[in-house]
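# Fold and geometry: a report
Residues per chain, in single letters:
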Amino acid sequence: METIIHKIRLFDIAQADAFESWVQNVDYATCPDLPSVVRFDVHRASLEPNAPYHYVEVIKITDRAAFDADMETSTFAGLVQAFSRMAEVVEELAGEQLGSGYAAG
């Protein structure tokens, strides 16, 4: 399994509520339509206007080739179009998970 991490910066911090609503009601809801996505979370990092980034998204995928195929779909293109009106990815990190990791309980 691979993990992709994006640091996200809003174009206008005043749109934070709208962005968070979109993430929770549209972005998350679309994930089941993207077969390569195993888990997807967005975390608020800062609401300071001059912060280098405001959110971090963590995407767990089956593999990069499958995710690349999902990125070619109209479903994914719709997400990118909406996202691009509100924010930009300022940094991407990616790597393969070591073992099964740890989860409490």
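Predicted model only: the values in this text are computed from it and were never measured.

## Structural notes on helix 1 (residues 16-30)
The end-to-end C-alpha separation of helix 1 is 20 Å, in line with the 21 Å expected for 15 residues at 1.5 Å each. If you look at helix 1, its biggest bend is around 40°, right at Val 23. Residues of helix 1 that are buried include every one of Ala 16, Phe 19, Glu 20, Trp 22, Val 23, Asp 27 and Thr 30, and no others.

## Regarding the sheet that holds strand 4 (residues 87-96)
Taken together, the four strands give an open sheet; going across it, the order is 2-3-1-4, and neighbouring strands pair in antiparallel fashion. The open sheet terminates on both sides in strands that have one partner only, identified here as strand 2 (37-44) and strand 4. Taken over all neighbouring pairs, the strand axes of this sheet differ in orientation by 15° on average, direction set aside. Of the strand pairs in this sheet, strand 1 (residues 2-10) and strand 3 (residues 55-61) are connected by seven bridges, and their pairing is antiparallel. Residue pairing for strand 3: His 6 is matched across the bridge by Glu 57.

Conventions adopted
Residues numbered from 1 in each chain as written. Predicted model: local features only at pLDDT ≥ 70, side-chain atom pairs only at ≥ 80, totals over all residues. Heavy atoms only, no water. Helix = DSSP H or I, 4+ residues; strand = E, 2+ residues; numbered from the N terminus. Expected span 1.5 Å × (residues − 1). Bend = angle between axes of the 7 residues up to and from the residue. Buried < 20%, exposed > 50% of the residue type's maximum accessible area, 1.4 Å probe, protein only. Pairing = 2+ DSSP bridges. Axes fitted to C-alpha atoms, helices over the stretch in contact; angles between N-to-C directions.

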